[in-house]
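One letter stands for each residue in the lines below.
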Amino acid sequence: MVNFTIPQLRAIMDKPKSIRNMSVIAHVDHGKSTLTDSLVAACGIIAMANAGDTRLTDTRSDEAERGITIKSTGISLYNEVTAEDISDERMPKDSDGREFLINLIDSPGHVDFSAEVTAALRITDGALVVVDCIDGVSVQTETVLRQALGERIKPVVTINKLDRGFLELQLDWESMHAAFVKHVENINVIIATYRDEAMGDLQVYPEKGTVSFSAGLHGWAFTLPMFARMYAKKFGVSEDKMTERLWGDNYFNPAEKKWTKTGDSVHRAFNMFVLDPIGKIFSACMNDQMDKLQKMLVSLNIKLNKEDLELQGKQLLKRTMQRWLPAHKALLEMMIINLPSPHASQGYRTELLYTGPMDDAAAIGMRNCDPNGPVMLYVSKMVPTSDRGRFHAFGRVFSGTIQAGIKLRIMGPNYVPGKKEDLYEKSIQRVVLFMGRKQEPVESVPVGNTCGLVGVDQFIVKTGTISSAADAFPMKDMKFSVSPVVRCAVEPKNPQDLPKLVEGLKRLAKSDPMVVISIEESGEHIVAGAGELHMEICLKDLQDDFMNGAPLKISDPVVSYRETVTEETAVECMSKSPNKHNRLYFKCLPLGDELTEKIDNGDITPRDDFKLRGRVLADDYGWDVDVARKIWAFGPDITGPNLMCDATKAVQYLSEIKDSVVAGFNWVTKEGVVAEENMRGICFQVLDVTMHADAIHRGGGQIIPTARRVMYACEYISAPRLMEPMFLVEIQCPETAMGGIYSTLNRRRGHVFEENQRPGTPLYNVKAYLPVAESFGFDSDLRAQTGGQAFPQCVFDHWQLMPGDPMVEGKLRDEIVAGIRKRKGLTPELPPLDRYKDKL
């Protein structure tokens, strides 16, 4: 039975100090959705007995089928804490009463869906990081934690799946304690590496109550302060002092009744007072020692009714542990005490999220979390509704109060303040609350809460800012940790379904934060995603949901390459304009990996001060200072990793043709000479220009094609190469499966660069690089080779030169390059050099 009503929920939304917005993040299969169930059950939405098996937040049918979360789901929970759970002196200083509203977002752990995690993190203030007590901190744990710290989100940790340690592996207490200490240290290393100075110390400590220990499947959890409360009276010390003694090197000698700093593992306080009682209950339940169990129940003051006592084995264990250490109590206590309320967090997050000046009305409203300020709402994702083709915009109110029927400004990601593009003024039809599988309508939603909006889906593609202030700036766009490198071409089997496909692709682009939809010049529709699983889910959605099951023809996945050069141009190239009156002299040279990475990461941008940037290039990379100061453009798309520099000496009227040359440069960097793929890591330099004296004869029509031809000629003779995207694969496996991994990787041009054994387990962690082009079917192939024992996780890592020269005959030129050119409708063989390079 649900133990709260929507009006109750709405009343508490007006107290921003009693709200906690948090997302659950972790590596794939560490138990996020299972753990969320305990919190949902505490509010009576599902039965306690089913918590852990229902996975209420996995709302789609394919999520239940595959057993993984694909989309992040929001749910609002109302909770009232009693004085015995959290005493008055331990309540947060700024809390407003004992009722709390928890807006929880359950996010996926699979690396292909990490864009969903980014979207969830943007609209929350705290994160619950779930770590498997046996697997420990994995590659994806680190990725999501890094994203969270980049958004200035405060983490708390729970070490999950303790039941495995007690039942499956039957570890002794000392090795369990050692494993916990190691996991906490690993998490703290990541937090210390990526932390933001403005946030202060974010590290987590069990003795401070920021780490809890849980078993999501059985629905129980504890924090050290909970155990300290049980023991504090018995030892006659304060709770805080007792909490500190329960962790680390504190030993209790029962014979002498003394605390010491050294001792043997039997007497370690954590083992003796925490793990031992739990272990005794486990053994009593599993070995059917009812009389022993009855004694313990009486001493722990746990009341089980008759039906409960008739259960056996794991069922009995689950019921007993849920009564003694219910998971929701530990987790709620940890969240309420340690995570910030919107009131606190918007004080330090506003400067990070808001693009405008920090003293305008919108920024002040956000910083003070003011329900009467101008409306500022960030839409982080679009959620498909049961009504085909319509979407709810899911977002969070950062300032003001949002309600239906008011005209608001909707700013898309391409909106520039002061201009009109990507800006709509529309009123919102309805406001809803997200409750897992269903939505509840409400009148209005005040600051600090998450909500869904109805009726704005045709104006927002993926994300956007909604504001009531005419001078408000948009919020900063989200930065994803993966990039869409896998592309598929789709076309309908029946040509009359083409309008359906175009409509379906539009909806697909809305429903997923990461997918990129484009139309090639040849007229193909291209869908680009982060990895194989991501593509599979997207195409399934497209076919079944967005096109009502119309059949599609899907090409094999193709990979986008990049073109680069490997040496400086030996002879300068010259091209003449069509009217033979203008001549451009150019050369090109490789930028080098380090500089290319820096441009990619945004350390060197077109917006930097040119003198400072010139200094850095001259000092660190040995550039000529004059050239380094005269960078005309970055390309493609204004910020790409290619440069266009002016290395001329005393050329008149050069500034007049600068725009035309830059336009040619942007065209060239988008489609290079080898296979019309984007360029990467090339620096073009203008050496000399001979121009007609009459301005009419040196317009864009004369200069742009000439600039394009001369840059093609430079690339052509500077040893061009293709670069391919590489995945970083992390594989967990037992030692026996190592041979299968190496043979699978060697067949696919992959190589292992690190393998280390996990202390205390028979498992190995293998890290390898694998070309994206070779990664299709890698999962299933690897499982076949290792008998299903190895679990791979692929994430895009870097671009790497392909072996072989695309200019000489061989597999690279005749298969790969010819294949790309044919797909794009070009001639399979490369055009001759004299098409681009002219003679005097």
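Check the entry above for the structure.
Report on the accompanying structure.

Here is what the cut-offs are and how they apply
- Residues numbered from 1 in each chain as written.
- Predicted model: local features only at pLDDT ≥ 70, side-chain atom pairs only at ≥ 80, totals over all residues.
- Heavy atoms only, no water.
- Helix = DSSP H or I, 4+ residues; strand = E, 2+ residues; numbered from the N terminus.
- Buried < 20%, exposed > 50% of the residue type's maximum accessible area, 1.4 Å probe, protein only.
- Contact = heavy atoms within 4.5 Å.
- Lys, Arg positive; Asp, Glu negative; His and termini not counted.
- Charge placed at Lys NZ, Arg CZ, Asp CG, Glu CD.
- Axes fitted to C-alpha atoms, helices over the stretch in contact; angles between N-to-C directions.
- Parallel < 35°, antiparallel > 145°, perpendicular 65-115°, else oblique.
- Left-handed = near helix turned anticlockwise from the far one by under 90°.
- Nonpolar A, V, L, I, M, F, W, Y, C, P; charged D, E, K, R; others polar.
- Core = buried A, V, L, I, M, F, W, Y, C linked by side-chain atoms within 4.5 Å.
- Expected span 1.5 Å × (residues − 1).
- Bend = angle between axes of the 7 residues up to and from the residue.
- Phe/Tyr/Trp six-rings, centres within 6.5 Å; stacked < 30°, edge-to-face > 60°.
- Lys NZ or Arg CZ within 6 Å of the ring centre and 35° of its normal.

**Overview of the overall build of the protein**
If you tally the helices and strands in the protein, you get 26 helices and 34 strands. If you line up the protein on its principal axes, its C-alpha atoms span 100 × 65 × 60 Å. The buried share among the 840 residues of the protein stands at 56%. By sequence separation, contacts in the protein at least 24 residues apart represent 73% of the contacts at least 6 residues apart. Seen as two clouds, the 100 positive and the 113 negative side-chain charges of the protein have centres 2 Å apart.

**Things to note about the packing of helix α22 (residues 654-670) against helix α23 (residues 700-717)**
Viewed as axis vectors pointing N to C, α22 and α23 meet at an angle of 45 degrees, and their least axial separation amounts to 8 Å. The angle between the axes of α22 and α23 places the two elements in the oblique class. The handedness of the crossing between α22 and α23 comes out as right-handed. Residues Ile657, Ser660, Val661, Ala663, Gly664, Phe665, Trp667 and Val668 of α22 lie in contact with α23, whose contacting residues are Gly700, Ile703, Ile704, Ala707, Arg708, Met711 and Tyr712. Its residues assigned to classes, the contact of α22 with α23 comprises 11 nonpolar, 3 polar and 1 charged.

**Some words on the environment of Ile604**
Mapped onto the secondary structure, Ile604 falls in the loop between α19 (593-600) and α20 (610-621). Note: C-alpha distance between Ile604 and Cys133 (471 residues apart in sequence) is 41 Å. Those residues in contact with Ile604 that sit more than four places away from it in its chain are Leu595, Lys598, Ile599, Arg613, Leu617 and Phe634.

**Remarks on the nonpolar core**
Residues Ile402 and Leu453 are the most contacted members of the largest nonpolar core, which totals 67 residues. The residues touching Leu453, leaving out its near neighbours within four places in the chain, are Leu377, Phe391, His392, Ala393, Ile402, Ile428, Arg430, Val431 and Ile466. Counting 66 residues, the second-largest nonpolar core is a separate cluster that includes Ile191, Met199, Met226 and Cys285.

**Considering helix α10 (residues 269-286)**
An ideal rise of 1.5 Å per residue puts 26 Å on 18 residues; α10 measures up with 25 Å between its terminal C-alpha atoms. Helix geometry: α10 is bent most strongly at Leu275, by close to 40 degrees, with proline Pro277 lying one to four residues after it. One or two residues past the end of α10 sits Asp288, with phi positive at roughly 55 degrees.

**Quick notes on the packing of aromatic side chains**
Applying the stated criterion across every chain, the model contains 20 aromatic pairs. Measuring from centroid to centroid gives 6.4 Å for Phe227 and Tyr231, while their planes differ by 20 degrees, and the two rings are stacked. Residue Phe227 and its partner Tyr231 are located together in helix α8 (residues 224-235), separated by 4 residues, close to a single helical turn. Assessed through its relative accessible area of 0%, Phe227 is described here as buried. Site record: aromatic cluster; members linked through ring pairs are Phe180, Phe213, Trp220, Phe222, Phe227, Tyr231, Trp247, Phe252, Phe270, Phe273, Phe282 and Trp324. The positively charged end of Arg122 is found above the aromatic ring belonging to Tyr378, 4.9 Å away from the centroid. Over the ring of Tyr194 we find Arg146; its NZ or CZ atom is 5.5 Å from the centre of that ring.

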